[in-house]
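Survey of secondary and tertiary structure
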Amino acid sequence: MSQHQLVFPAQESREPLRRYDAKAIARYYRSRPWAVIARALTIVGSFVKFILSLKWDEWRNQTEQNKFKRAAQLRHILTRLGPTFIKVGQALSTRPDLVRKDFLDELVKLQDQLPPFDNALALSIIETELGQSVTELFSEISSKPIAAASLGQVYRAFLHTGEEVAVKVQRPNLLPTLTLDLYLMRWAASWLAPWLPLNLGHDLTLIVDEFGIKLFEEVDYINEGRNAEKFAHNFRDDATVKVPAIYWRYSTVRVLTLEWIQGVKLTDTASIRAAGLDTDQIIQVGVISGLRQLLEHGFFHADPHPGNLFALPDGRMAYIDFGMMDQLEQYTKEAIAASVVHLINKDYGELAKNFVKLGFLTPDTDITPIIPALEEVLGEAMGESVRNFNFKTITDQFSELMYDYPFRVPAKFALIIRSLVTQEGLALTLNPNFKIVEVSYPYVARRLLTGESPEMRRHLIEVLFKDGKFQWERLENMIAIARSDQSFDLLPTAQLGLQFLLSEEGRFLRRQLLLALTEDDRLHTQEVERLWNLVKDDLKPGRLLNVALNSLTELSMESVASILPLATALKPE
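Below is a summary of the structure that appears in this document. The structure displayed is predicted, hence computed values, not measured ones. (Residues numbered from 1 in each chain as written. Predicted model: local features only at pLDDT ≥ 70, side-chain atom pairs only at ≥ 80, totals over all residues. Heavy atoms only, no water.)

With respect to the helices and strands, the residue Val 421 is situated in helix H17 (residues 411–430). The exposure class assigned to Val 421 is buried, which follows from its relative accessible area of 17%. Each C-alpha atom of the pair Val 421 and Pro 304 lies 9.9 Å from the other, and the pair is 117 residues apart in sequence. (Helix = DSSP H or I, 4+ residues; strand = E, 2+ residues; numbered from the N terminus. Buried < 20%, exposed > 50% of the residue type's maximum accessible area, 1.4 Å probe, protein only.)

Structure follows, in structure tokens:
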């Protein structure tokens, strides 16, 4: 049964299924019980045999002796079971904190060291899809694939016009395997859900459906090409990120031709150091680009395993494989940013409300008993310093909360969490002492301080004011942390802040600052002096004058009148 023959009864046009449809897949396989039973027995039998092998080693005291053999056995099992299980292995291969090293070394091979399918068949697919012979299409093409992944394999080639390209060819008969595995996973999810505590299994089938949607998108290479171009557009002004160009004339649903990327896999630390690249700088580029995807663009790479990320000789990071992407709504981006703010502020009441907004708690949930639980869990994870935060600690602690409170994981957030933990795991491979907040917090602080949108300016005000009082220490900490990022220039931020303060939108902040400067019946000159000492090296007189003039040119008479009380308050007696 070929991919193009997989037609479901719901499709009146008799066209092959191109979009994930759980109901159509269920109807199809309900009438084919023997195929379902055979696949289920294959999966269960494979893992039962593996578990028994581990137990046998344990009983015979040969666990250490056979550990590499068992690691290879697991990789072979996942490979034989096909693309769905290979994807699971790829996700685990980025978690050195969850998977022991011998298994990790084998699972890493699932990223691009999978067995290729028949070379003649691959070239035949290229010719059928593109309508020309291989020699007519390319002046040169590698005699065998240079990499084989879960859904396809890649050839290195040159166009007749001279460009060096990667030609990605999809594996044959993918849809029958994917749909059957997804059907079984969905059945297992619906069977397991009632046995899981509270709402832990509430969205389990929806998570499988989300996974199915993304898998179907991955097997459509036209969709992947469009995703790559959208991603490249989002990072068009970012000199640290590289996205390969797509050659549409040589691309179809099953063949994708794109610019060749000459780089080093992020797990190859020896080659990275030999190239003179700074691993910590690479981590910073990866984390910041990941945060930009989530908090700025809302369009994020949901499969950032090492086979999809390369360090380039010039220090840039190249992304490839844009099959598994997702888009966040503006509301969700704002809610995520607000959650970061509440976490920074240790405002667990507002954080609990945000969990309701994001779908982790239902609207009718009584959050009163949850607030102290969040404070205990997140307070312990944060430790004495925000730099002690990491996603592994959070996920470990939250897994315990799931048993006591009605938390659930919304389907969309399953991909976000996977993306975040994968990136953190990748960073841990490069630097075992890496703390994600050491890189991400300066970015968040910079985003808040620049206040590029009304929402970010509102979140900044939420950070700076608590119970109606101005938090001088928070502002000092944010500026100090933002300045730890060497790319952060305080002066443009000062200009944006001044323009906002003098605008109609900044009326509330002007009033609050006036109160802050004079609260407790005294002028807070010491706090202002500490802030000035913190920023004075960045605010040179000449540049500061230009900023002031630029901001003043946009002032209206009303704005001037509105800031006179503030100027009066600052006037020395």
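The subject of this paragraph is the sheet that holds strand E9 (residues 309–311). Here four strands make up an open sheet; going across it, the order is E5-E10-E9-E7 and the pairing mixed. Strands at the two margins of the open sheet, each flanked by one partner only, are strand E5 (241–242) and strand E7 (264–265). Pairing of E5 with strand E10 (residues 317–319), which is carried by two bridges, proceeds in the parallel orientation. By the bridge assignment, Lys 242 is partnered in E10 with Ala 318. Against the sheet, helix H12 (residues 279–297) contacts E5, E9 and E10, and its axis sits at roughly 45° relative to E10. (Pairing = 2+ DSSP bridges. Contact = heavy atoms within 4.5 Å. Axes fitted to C-alpha atoms, helices over the stretch in contact; angles between N-to-C directions.)

Attention now goes to the nonpolar core. The biggest cluster of nonpolar side chains holds 102 residues, and the ones touching the most others in it are Phe 231, Ile 282, Leu 374, Phe 407 and Ile 416. Counting residues in hydrophobic clusters, the runner-up holds 16 residues, among them Val 134, Leu 137, Val 167 and Tyr 250. (Core = buried A, V, L, I, M, F, W, Y, C linked by side-chain atoms within 4.5 Å.)

Okay, the packing of aromatic side chains next. Scanning the model with the defined rule gives 10 aromatic pairs in all. For the pair Tyr 28 and Tyr 29, a centre-to-centre distance of 5.0 Å together with 85° between the ring planes defines the contact as edge-to-face. Grouping residues by exposure puts Tyr 28 and Tyr 29 together as buried. Sitting above the plane of the Tyr 28 ring, Arg 32 keeps its charged end 3.7 Å from the centroid. A cation sits over an aromatic face here: Lys 230 above Phe 299, 4.3 Å from the ring centre. (Phe/Tyr/Trp six-rings, centres within 6.5 Å; stacked < 30°, edge-to-face > 60°. Lys NZ or Arg CZ within 6 Å of the ring centre and 35° of its normal.)

Look at helix H2 (residues 33–59): 38 Å from first C-alpha to last across 27 residues, which is about the 39 Å you get at 1.5 Å a residue. The complete set of buried residues in H2 reads Val 36, Arg 39, Ile 43, Ser 46, Phe 50, Ser 53 and Asp 57. Downstream of H2 by a residue or two, Asn 61 has a phi angle that is positive, lying close to 55°. (Expected span 1.5 Å × (residues − 1).)

On to a nonpolar patch on the surface, then. A cluster of nonpolar residues, Trp 34, Ile 37 and Leu 41, forms a patch on the protein surface that exposes about 390 Å² of accessible area. Secondary-structure assignment places Trp 34 in helix H2. A residue is classified by how much of its surface remains accessible, and Trp 34, at 69% relative accessible area, is exposed. (Patch = residues over 30% accessible without salt bridge, like charges linked within 9 Å, V, L, I, M, F, W, Y side chains within 5 Å. Areas by Shrake-Rupley, 256 points an atom, 1.4 Å probe, with all protein chains shown as cover. Salt bridge = Lys/Arg side-chain N within 4 Å of Asp/Glu carboxyl O.)

Strand E4 (residues 164–170) sits mainly inside the fold: six of its seven residues count as buried. Two strands pair when backbone bridges link them, and strand E3 (residues 152–159) and E4 are joined in this way by seven bridges, in the antiparallel orientation. Looking at E4, one finds that Ala 157 is bridged to Val 165. The antiparallel hairpin formed by E3 and E4 contains four residues in its connecting segment, where Gly 162 sits at a positive phi of about 105°. As paired strands, E4 and strand E6 (residues 255–259) are joined by five bridges and run antiparallel to one another. Across the sheet, the residue bridging to Val 169 is Val 255, located in E6.

Turning our eyes to something else, we now look at helix H1 (residues 22–30). By the burial criterion, the buried members of H1 are Ala 22, Ala 24, Ile 25, Ala 26, Tyr 28 and Tyr 29. Looking at the buried side of H1, the elements it contacts are H2, helix H8 (174–192) and helix H9 (204–218). Two or three places before Lys 23, at the start of H1, stands the capping residue Asp 21, its side-chain oxygen 3.2 Å from that residue's backbone nitrogen. (Polar contact = N/O pair within 3.5 Å; in protein donor to acceptor, adjacent residues only side chain to side chain.)

By themselves, these observations are geometric and do not establish any function.
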